[in-house]
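Residue-level listing of the chains:
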Amino acid sequence: MTMLRMLSVPGWIPPSARMFLALLGRIQTGSLALVTPDGDRCLFGKMRGNTRGVTHGKTDDNAPAATLHLHDWRACRAILRAGDIGFAEAYRANWLDSPDLTALLRLAIANERALPATIAGGRLAQLWYGLRHRLRPNTRAGSRRNIHAHYDLGNDFYALWLDPTFAYSSALFEGDMQRSLEAAQLAKYQCIFDTLGLRVGMKVLEVGCGWGGFATFAAERGIEMHAVTISPEQLALARARATTQPLSPAVRFELRDYRDLDGQYDAIVSIEMFEAVGERFWPGYFAMLRRCLKAGGRALVQSITIADRQFAAYRSSSDFIREFIFPGGMLPSPERFIAAASEGGLRAAPTLAFGRDYAQTLRLWRAKFEARIEFVRALGFDELFIRTWRLYFAYCEAGFDEGRTDVYQFLLARSE
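An account of the accompanying structure is given in this report. Every value quoted in this text rests on a predicted model; they were computed, and no experiment measured them. (Residues numbered from 1 in each chain as written. Predicted model: local features only at pLDDT ≥ 70, side-chain atom pairs only at ≥ 80, totals over all residues. Heavy atoms only, no water.)

## Topic: helix H14 (residues 334–343)
Side chains that are three or four residues apart share a direction in an α-helix, a result of its 3.6 residues per turn. Those residues of H14 that sit buried are Pro334, Phe337, Ala340 and Ala341. Buried residues of H14 fall within an arc of 130° about the axis and therefore sit on the same side. Opposite the buried face of H14, at more than 90 degrees from it, the exposed residues are Glu335 and Glu343. Packed against the buried residues of H14 are helix H11 (282–292), strand S11 (293–306), strand S12 (346–353) and strand S13 (405–414). (Buried < 20%, exposed > 50% of the residue type's maximum accessible area, 1.4 Å probe, protein only. Helix = DSSP H or I, 4+ residues; strand = E, 2+ residues; numbered from the N terminus. Arc of directions from axis to C-beta. Contact = heavy atoms within 4.5 Å.)

Here it is as structure tokens:
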């Protein structure tokens, strides 16, 4: 049974705030301690034992427990209007805060069915942000703009908190959460290498190579790598790193759009690039894979996914990530990925799902980001940027911990 204990809030508060407080009374999983702008404390959800001990993290039954500090009542209206986008706007404006953002977002996800407005927002906002998202298509020019907005923030920035492999994708911990981030990233590369059965002398294409981590790893093991990106910043660093190792001519980095790829390869690798393709362009992406694979060749695509049950609602609008972090981004669901690949003449099968490993990856990134926050500021990034990225790390970590998002490796082969 859901219990609600709410202290009386004296004086006048906006109608939107009263609506928001009433909505919180529907919390069914976990608990929330809310501190109002006037300093009053309200407790919502399932309470166990002494409710004064509820702060943040987890309750005794492993459900999320969180604290939300409202600094300005306007935050309530923003959340009711635009869900997680409104929450982000309020957080960026410092109208609200939490000592544990991840716990707060996990609580919202765990109660999504009871509190849909806190995630999706109102219908008008859904339509508006859905239109905005569709106006940022991943055409050739659009892809360059969208990628530039995120990946060309500067290599010095990413070097502050990525591990030495420069991998900006989920690591693989294989149950050992004490494993270092670098070791876990190398384990991910080895998993891809083994799943594809790569052998010395094979010719392999990597689509969306980032800063060259996997391409370098494979080239060191005798694979002839052709790796492409559309980020000039990534390309420059990938080439610079390659010159420090005896790899050439085993690896070739190139600035090229996936739509322009041709040639034949024994295998293709694409690590978390698919999310930047866009649903409208999925057929072209799968056509490229089929065109570039030799007969009998296989491709491995690692992609973040949205839960199948959430896909229809997700694709109809936008969210915090697509508005503030990855313009033009679009996650597939596992079911839709396999169906789209099949429509493109490819057989696709999931070989690994490791979303909890992504949550751990994000925790380690976030910890290093915070440890080097003064260096972030020294690069010229302001407090609005820092708050946005804090929310980005926490938002993604919560999604993977709660299973709303996952990360899959799909193995693909041509349907003959």
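## Some words on the sheet that holds strand S7 (residues 203–207)
Taking strand neighbours across the sheet as the criterion, the seven strands line up as S9-S8-S7-S10-S11-S13-S12 in an open arrangement whose pairing is mixed. Of all strands in the sheet, those bounded by a partner on one side alone are strand S9 (251–255) and S12. Here the average twist between neighbouring strands, direction ignored, is 20°. Pairing between strand S8 (residues 224–229) and S9: five bridges, direction parallel. Paired with Met225 across the bridge in S9 is Val251. The strands touched by helix H8 (residues 181–196) within the sheet are strand S10 (265–271), S11, S12 and S13, with S11 carrying the most contacts at an inclination of about 145°. (Pairing = 2+ DSSP bridges. Axes fitted to C-alpha atoms, helices over the stretch in contact; angles between N-to-C directions.)

## Brief notes about the packing of helix H2 (residues 74–92) against helix H17 (residues 383–402)
The packing of two helices is summarised by the inter-axis angle and the distance between the axes. At a closest axis distance of 9 Å, the pairing of H2 and H17 adopts a crossing angle of 140°. Relative to H17, the element H2 lies oblique. Crossing handedness for the pair H2 and H17: right-handed. Residues Asp84, Phe87, Ala88, Tyr91 and Arg92 of H2 lie in contact with H17, whose contacting residues are Leu384, Arg387, Thr388, Arg390, Leu391 and Tyr395. When grouped by side-chain class, the residues that make up the contact of H2 with H17 number six nonpolar, one polar and four charged. (Parallel < 35°, antiparallel > 145°, perpendicular 65-115°, else oblique. Left-handed = near helix turned anticlockwise from the far one by under 90°. Nonpolar A, V, L, I, M, F, W, Y, C, P; charged D, E, K, R; others polar.)

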